[in-house]
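# Coordinates in review
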Amino acid sequence: MNINDVKPPEKFKYFEEQVTIHKHFSFICDNRIFFSNTAFKDLKNHHYSFSIEISSPVNALGLATDFHLIDKIYDEEIGVKLDNCLLNETLPEMNKTAENIAYWLFEEFSARLPENDVLLKVTLYENPKQGVTITKQMTLHKFT
């Protein structure tokens, strides 16, 4: 059989469950982290990466939320405040620690995902060896 001979299936949707979507992003930024009112560390051209997990229903075509939609949310509404930015200017008033940035990412994605999707987890890596995770269970008081 040739790929040009492939016809649409009679049944698009194979199962009725939700799936977990995994997406990975990275950004480079400048950031000043405070350890007290006088002690701080400057991170210049710092590389962060993060992953998100989203619970999404499968539609009649057998598809969950499109990866491109999640990319669009990041590129147009979230990444513009992170990539090639000074986080101390673009993020809310807070110490720009990995913990706070991860929580902010959780808030931002939760507010923008399609109605039936649920953000389950955000893991932000400061470097390849360490990071922090925020989960839906940790934020139940705020995102229910």
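Below is a short write-up of the structure.

Rules of the game
Residues numbered from 1 in each chain as written. Predicted model: local features only at pLDDT ≥ 70, side-chain atom pairs only at ≥ 80, totals over all residues. Heavy atoms only, no water. Helix = DSSP H or I, 4+ residues; strand = E, 2+ residues; numbered from the N terminus. Rg over C-alpha atoms; globule rule 2.2 N^0.38 Å. Buried < 20%, exposed > 50% of the residue type's maximum accessible area, 1.4 Å probe, protein only. Contact = heavy atoms within 4.5 Å. Areas by Shrake-Rupley, 256 points an atom, 1.4 Å probe, with all protein chains shown as cover. Lys, Arg positive; Asp, Glu negative; His and termini not counted. Charge placed at Lys NZ, Arg CZ, Asp CG, Glu CD. Pairing = 2+ DSSP bridges. Axes fitted to C-alpha atoms, helices over the stretch in contact; angles between N-to-C directions. Patch = residues over 30% accessible without salt bridge, like charges linked within 9 Å, V, L, I, M, F, W, Y side chains within 5 Å. Salt bridge = Lys/Arg side-chain N within 4 Å of Asp/Glu carboxyl O. Core = buried A, V, L, I, M, F, W, Y, C linked by side-chain atoms within 4.5 Å.

## Concerning the overall build of the chain
In terms of regular secondary structure, the chain is built from 3 helices and 4 strands. Along the chain, helices (α) and strands (β) appear in the sequence β-β-α-α-α-β-β when read from the amino end. Its C-alpha radius of gyration of 19 Å places the chain more than 25% over the 15 Å reference for a compact globule of 144 residues. Along the first, second and third principal axes, the C-alpha set of the chain runs to 70 × 40 × 25 Å. Counting all 144 residues of the chain, 35% fall into the buried class. Long-range pairs, those at least 24 residues apart, make up 63% of the contacts in the chain between residues at least 6 apart in sequence. When the accessible surface of the chain is totalled, it reaches about 9400 Å², and 52% of it is carbon and sulfur. Charged side chains of the chain number 15 positive and 21 negative; the gap between the two group centres comes to 3 Å.

## Thoughts on the environment of Phe-35
Note that Phe-35 resides in the loop between strand E1 (18–34) and strand E2 (40–57). When the C-alpha positions of Phe-35 and Thr-97 are compared, they lie 9.6 Å apart, and in sequence the two are 62 residues distant. Once you skip the residues sitting within four places of it in the chain, Phe-35 turns out to touch Phe-40 and Lys-41.

## Structural notes on the sheet that holds strand E3 (residues 118–127)
Strand pairing in a sheet is mediated by backbone hydrogen bonds. Such pairs are either parallel or antiparallel. Strand order across the open sheet formed by 4 strands is E1-E2-E3-E4, with antiparallel pairing between neighbours. Pairing within the sheet leaves two strands with one partner each, and these edge strands are E1 and strand E4 (130–135). Strand-to-strand twist of the sheet, defined as the mean angle between neighbouring strand axes without regard to direction, takes the value 20 degrees. Alignment of E1 against E2, held across 16 bridges, turns out to be antiparallel. Its bridge partner lying in E2, Ile-33 is registered against Lys-41. Helix H1 (residues 67–78) rests against E1 and E2 of the sheet, and its axis sits at about 20 degrees to E1. Helix H3 (residues 98–112) rests against E1, E2, E3 and E4 of the sheet, and its axis sits at about 150 degrees to E3.

## Overview of a nonpolar patch on the surface
Judged by side-chain polarity, Met-1, Ile-3 and Val-6 come together as a nonpolar surface patch covering roughly 430 Å² of accessible area. Positionally, Met-1 belongs in the segment before E1. The class of Met-1 is exposed, set by a relative accessible area of 88%.

## Comments concerning the nonpolar core
Among the nonpolar cores identified, the biggest contains 30 residues, and Leu-105 and Phe-109 are the most heavily contacted of them. Every element with two or more residues in this core is listed here: E1, E2, H1, H3, E3 and E4. If one sorts the elements of this core by residue count, H3 sits on top with 7 residues. Non-local contacts of Leu-105, meaning those with residues more than four positions away in its chain, are made with Phe-50, Ile-78, Leu-82, Val-122 and Leu-124.

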